[in-house]
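# A structural walkthrough
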Amino acid sequence: MKRKGMKRVKFRRKAQQSRRVAAAVRRSRSRLQRPRHKKRRLRVTQTAVKAKQNKQMKRGSRLHEPSVSASFIQSSEEAGMRDGLLARDAQSQLLDLHLRLKALKQSFRAYYANTCSHLESYEAIMALGTAYQNGYSRAAGPDLALPSVVLIPSSKRHAVIISAMNEQERIGAVLHELERLVPDELIIIVNGSTDMTLQLAREASSAATIVHYPDAIGHDVGRSIGAKLARADVMLFTDSDFQVPAEDLGAFLWAVESGVDVALNDISPFMGTFDSRDAISHCKLWLNCTLGREDLDVNSLTAVPHALSRRTVDTIGVDALSVPPRAHALAVLHGLNVQQVHVVDVITHNRIRATNVGTHNPVAQLILGDHVEAIQEIWNWHGDYLHEPQRNRDQIALRRNGT
Amino acid sequence: MRRYKRIRRPNRSQMGVRSGKRTESFSLSRGRRRIRRGGSLRYNSSMRKALSRRNKWWMSHPHPIVSVIIPVMNERRTIAKVIHEASRVHPETEVIVVSNGSSDGSDLLAEGAGAHVIRHANPLGHDVGRAKGAEAAKGEILLFIDGDMIIPAERLKPFIKAVAAGVDVALNDYSGPTNRRYVHRVVLAKHTLNALLSRSDLKGASMTAVPHALSRRAVDAMGTDCLSIPPLAHAKAVHQGLRMERTVSIDVGRLNPIRTKQDEQDPLTALIDNDHLQSVRWIIDQTDNRGGYTDLNRQRHLVR
């Protein structure tokens, strides 16, 4: 009997122990699992936020709505009317269109500087500019009517530079759009054209500086010649291939106005997954990574439109612009303020030519070579510093093997 | 009972994977441990079968056709199995284990498994280890694998077959996960190097990743020294016009354990990135400042 009882006690103890063990195991397991639960929940909330943002983006507007109140827009319109009346009195219809547009730009700049220079977003500037222009042209009357332009209240001088080769179908429309920016300088480098490009450019824009080379000199060389000729503080580079709305181009000028040195076109929204991209995109991304600017993604000076400040051109030199990736690398290495500022779709609108299709096309080869030059520039800049990781290879081996 | 006794019970290190979990089982409570000890989970029938299947008396072939090179540093958990798989890729095979900085007896285990062991007291790293192994290799086909990844012989054979069929560099057709927007730095670097070498058809395949196999011709053309910087060897191989091909895909990313903590930046990433920069520089030295690419119709002299 006694022994039986002992056994029972022993058994009970054993059972208790095993229960305790089970509980301990359960507890330890739950402790392990809790963070995982949390993580999952976090991920859910993150995706929810993202989905919401996407929805808003799709609905349009919300994020792109001008962040300026109605009262400002109204006051802008009134100011426009006031200045328009003054202009009507001052200007007779003799003055040519270009000078009148300049006068409009100048008066808007004065208005902006006096009353609302705290508004800095490009959307707000656009809204104010449109309202001002409406008021201005209403007051100035029909015989002094002006085409709709993009007003950028900048104290800096703007230059727009394009190079054109056999673009007779587009050059007129492109120049017309560029005129809407009311630039202080418009420089067109016509090269290797066998069609009417030169004549059409001359007709389309009377104020433009046109440089003509009978032989093809290359787009990028054309741009750097333009940069050399320009005297302005801000230079906007674009292509004569396709018409980019002046509203989009203005964003680049405004970015440089607000302190960016190299304002790049943001083409990353048009990039698919990594495996669907071409060799050149890989090069662009790797160049930015090597420069320590992963945030720039695949954006570089290779894509137009982009705007440069005078400081950039003076620092890296005009000749560097002949090889865009090299100029990009130099700009980052010199510590200039390089940012992607605006999204313009140049990927899907790009004209398909015999020379830019396929992986081994001449243009792709050219750009690959440009990236080799850019990487060489990084070597020249860092020199011995890049050899450093090779020296402590054995230490890394030690760490890698996890001891 | 006698049947069991005939097989010598291997010591813990030879048992392989399970010995690593020892500490974990001790952290459990006493009751739990008793069950595990009594049940003899470490040495069960499946393990015994695996061991009996293993050719215990295998030795490296004295006049090999295939040399398998395995850099090893403290990998006793897996090395015996890795050597076993490596020995089966071809009837005439030698296995060269470059043991560097090992302190856990991996080298002795490797010797016991029949490999030819080269010892280095200091850690060399995978790449330098591979270069040392290639120096000692006698075979016509050199296969490079890692000591911590057990890849079945059946999956290694395609590399040998490819080289036997005339390929000089048979690469692992593994580019890492690329069906997403952002990829790892190293994956990007590999893709870019191939692009700059005009071999974007190789995608992310590179001599940085194991397994890969080289022909004797490739080794003679490149030299064994450059194998210590794999991207450089890769660039050299392409530049010298060796036949390089993607063979089969072995997902080494999944087999490879994560070695650093998440918040810590892997020092290896910077090293590999730098290796790729070095190889672009090598290309520049061999060709011109544009890597031999066209300048099309650019007339640079116009801008001064």
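## Describing the nonpolar core
By size, the foremost hydrophobic cluster in this structure holds 183 residues, and its most contacted members are B:Ile70, B:Val97 and B:Leu214. Each residue touching B:Leu214, except ones within four places of it in the same chain, is listed here: B:Glu140, B:Ile141, B:Leu142, B:Phe144, B:Val163, B:Asp168, B:Val169, B:Met207, B:Val219, B:Met222 and B:Leu227.

## Considering the sheet that holds strand β1 (residues 66–72) of chain B
All names here are of chain B. Pairing is mixed across the open sheet formed by 7 strands, whose spatial order is β3-β2-β1-β4-β6-β5-β7. Strands at the two margins of the open sheet, each flanked by one partner only, are β3 (116–120) and β7 (244–246). Across this sheet, the average inter-strand angle for adjacent strands is 20 degrees, counted without regard to direction. Relative to strand β6 (residues 212–215), strand β5 (residues 169–171) runs antiparallel, the two being bridged by 2 bridges. Note on β6: the bridge partner recorded for Val169 is Leu214.

## Description of empty space enclosed by the protein
Residue and element names in this part refer to chain A. According to the stated counting rule, one finds 6 cavities of 30 Å³ or more in the structure shown. In this structure, the largest cavity spans a volume of roughly 70 Å³. As for the largest cavity, its lining consists of Asp220, Arg223, Phe237, Leu301, His306, Leu308, Leu321 and Pro324. Among the secondary structure elements, those contributing two or more residues to the lining of the largest cavity are α7 (219–229) and β6 (306–309). For the lining of the largest cavity, the class distribution of residues is 5 nonpolar, 1 polar and 2 charged.

## Focus: the environment of A:Gly369
Among the structural elements, A:Gly369 can be located in helix α12 (residues 362–382). For A:Gly369, a relative accessible area of 0% gives the class buried. In the structure, A:Gly369 is positioned 44 residues away from A:Pro325 in sequence and 9.6 Å away in space, judged by C-alpha atoms. Among all residues touching A:Gly369, those that are not within four sequence positions of it are B:Arg290 and B:Tyr293.

## Things to note about unusual backbone geometry
Cis geometry marks the peptide bond from A:Val304 to A:Pro305, where omega comes out at -10 degrees. Checked against the element boundaries, A:Pro305 lands in the loop between α9 (279–290) and β6. Note that the residue after B:Val210, namely B:Pro211, is joined by a cis bond; omega there is -15 degrees. Relative to the assigned elements, B:Pro211 resides in the loop between α10 (185–196) and β6.

## Comments concerning the confidence of the model for chain B
Residues and elements named next belong to chain B. Looking at chain B as a whole, the pLDDT averages 81, with 77% of positions reaching at least 70. Confidence drops under a pLDDT of 50 for residues 1–7, and excluding neighbours within four residues, the segment shows 3 contacts in the predicted structure. Contacts of residues 15–44 to residues separated by more than four positions or lying in other chains number 29 contacts, the stretch itself having pLDDT below 50.

## Comments concerning the pattern of salt bridges
Summed over all chains, the structure comprises 32 salt bridges over all chains. For A:Arg293, the salt bridge is made with A:Asp295, and the minimal N-O distance between the two is 3.0 Å. Residue class for A:Arg293 comes out buried when judged on its relative accessible area of 16%. Given a relative accessible area of 46%, A:Asp295 falls into the partly exposed group. Of the charged contacts in the structure, one is a salt bridge between B:Asp107 and B:Arg119, with a shortest N-O distance of 2.8 Å. Placement of B:Asp107 in helix α7 (residues 106–112) and of B:Arg119 in strand β3 is noted, with a sequence separation of 12 residues between them. Accessibility expressed as a relative area gives 14% for B:Asp107, which makes it buried. Where salt bridges share partners, they join A:Asp220, A:Arg223, A:Asp239, A:Asp370, A:Glu373, B:Arg290, B:Asp295, B:Arg298 and B:Arg300 into one cluster.

Rules of the game
Residues numbered from 1 in each chain as written. Chains lettered and ligands numbered in written order. Predicted model: local features only at pLDDT ≥ 70, side-chain atom pairs only at ≥ 80, totals over all residues. Heavy atoms only, no water. Core = buried A, V, L, I, M, F, W, Y, C linked by side-chain atoms within 4.5 Å. Buried < 20%, exposed > 50% of the residue type's maximum accessible area, 1.4 Å probe, protein only. Contact = heavy atoms within 4.5 Å. Pairing = 2+ DSSP bridges. Helix = DSSP H or I, 4+ residues; strand = E, 2+ residues; numbered from the N terminus. Axes fitted to C-alpha atoms, helices over the stretch in contact; angles between N-to-C directions. 1 Å grid on protein atoms, 1.4 Å probe; cavity = no way out; pocket = protein on both sides within 12 Å on 5 of 7 lines; lining within 4 Å. Points joined across faces, edges and corners; volume = space filled by probe spheres on them. Nonpolar A, V, L, I, M, F, W, Y, C, P; charged D, E, K, R; others polar. pLDDT = per-residue confidence, 0-100. Salt bridge = Lys/Arg side-chain N within 4 Å of Asp/Glu carboxyl O.

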